[in-house]
Amino acid sequence: MLSNDCVFCKIIRGEIPSAKVYEDEKMLVFKDIEPKAKVHLLAVPKDHFKLLSEMNEDRAATLSYMLSVIPKVAAENGCVNGYRLVINQGDAAGQTVFHLHIHILGGENLPW
Ligand code: 5GP
Ligand code: ZN
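Keep in mind it's a predicted model, so treat the numbers as computed, not measured.

Asks: Go over the layout of surface pockets, please, and point to the residues and values.
Replies: When its volume is computed, the largest pocket comes out at roughly 600 Å³. In this structure, the largest pocket is lined by 29 residues; those nearest its centre are Asp32, Lys36, His40, Leu42 and His103. Among the elements that make up the lining of the largest pocket, the one with the highest residue count is helix 1 (residues 7-13) (3 residues). Among the residues making up the lining of the largest pocket, the classes are represented as 16 nonpolar, 8 polar and 5 charged.

Asks: Account for the side chain of His101, naming residues and giving values.
Replies: Position of His101 relative to the elements: it lies in the loop between strand 4 (83-86) and strand 5 (102-106). Residue His101 is classed as buried on the basis of its relative accessible area, which comes to 7%. Reaching out from His101, the side chain makes a polar contact with the backbone oxygen of His99 at a distance of 2.7 Å. Of the polar contacts made by the side chain of His101, one reaches the side chain of His103; its length is 3.5 Å. Look past the residues within four positions of His101 in its chain and what remains in contact with it is Phe8, Leu42, Ala43, Val44, Val86, Ile87 and Gln95.

Each value, and the rule that gives it
- Every chain is numbered on its own, with residues counted from 1 as its sequence reads.
- All chains are assigned letters beginning with A, and all ligands numbers beginning with 1, in the order in which they are written.
- Owing to the predicted nature of the model, reporting of local features is limited to residues with pLDDT of at least 70; listing and counting of side-chain atom pairs is limited to 80 or more, with chain, interface and lining totals taken over all residues.
- Excluding hydrogens and water, the side-chain values take into account all heavy atoms of the structure.
- Using a grid of 1 Å spacing that covers the protein atoms alone, one calls a set of points a cavity when a 1.4 Å probe fits there but cannot get out, and a pocket when the set is open and has protein on both sides within 12 Å along at least five of seven lines; lining residues are those with an atom within 4 Å of a point.
- Grid points are joined across faces, edges and corners, and a volume is the space filled by probe spheres set on the points.
- Numbering of helices and strands runs from the N terminus; a helix is a DSSP stretch of H or I covering at least four residues, while a strand is a stretch of E covering at least two.
- The classification used treats Ala, Val, Leu, Ile, Met, Phe, Trp, Tyr, Cys and Pro as nonpolar, Asp, Glu, Lys and Arg as charged, and all other residues, Gly among them, as polar.
- Burial classes follow relative accessibility: with a 1.4 Å probe on protein chains only, a residue under 20% of its type's maximum area counts as buried, one over 50% as exposed, and anything between as partly exposed.
- Under the rule applied, a polar contact is a pair of N or O atoms within 3.5 Å (in protein, one hydrogen donor and one hydrogen acceptor; residues adjacent in sequence only if both atoms are side-chain atoms).
- By the convention used here, residues are in contact when the closest approach between their heavy atoms is within 4.5 Å.

Geometry only, nothing functional implied.
Written as structure tokens, this is what we have:
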């Protein structure tokens, strides 16, 4: 289920514009608005949940599916020589959007 006041749900619904690079019935991948690497994409499940601690069997299946799609999407978007996946969890990690998402960072040799 989507949430009314979540920025990523608004992007999924098309209420906020985004540069989409991949979409299917389960997930969406779009460009981060403030890229921290030459390629910086965000992969989001269409099911709204905040944190990995809210995981259940269906969500785990969706995340597993996302991990099967991401390599192709990353390669098609300029991650030629590897990339990094990041999932920030909670305030201490600097999570700012509380709709679970996977950062895809690449397109260059990453500094750390
Ligand atoms: P977090 O810090 O929660 O792990 O990551 C949230 C990410 O979402 C940030 O990198 C931020 O730049 C990105 N972001 C926030 N709002 C928007 C938006 O409206 N559009 C896009 N494309 N990215 C967003
Ligand atoms: Zn959401």
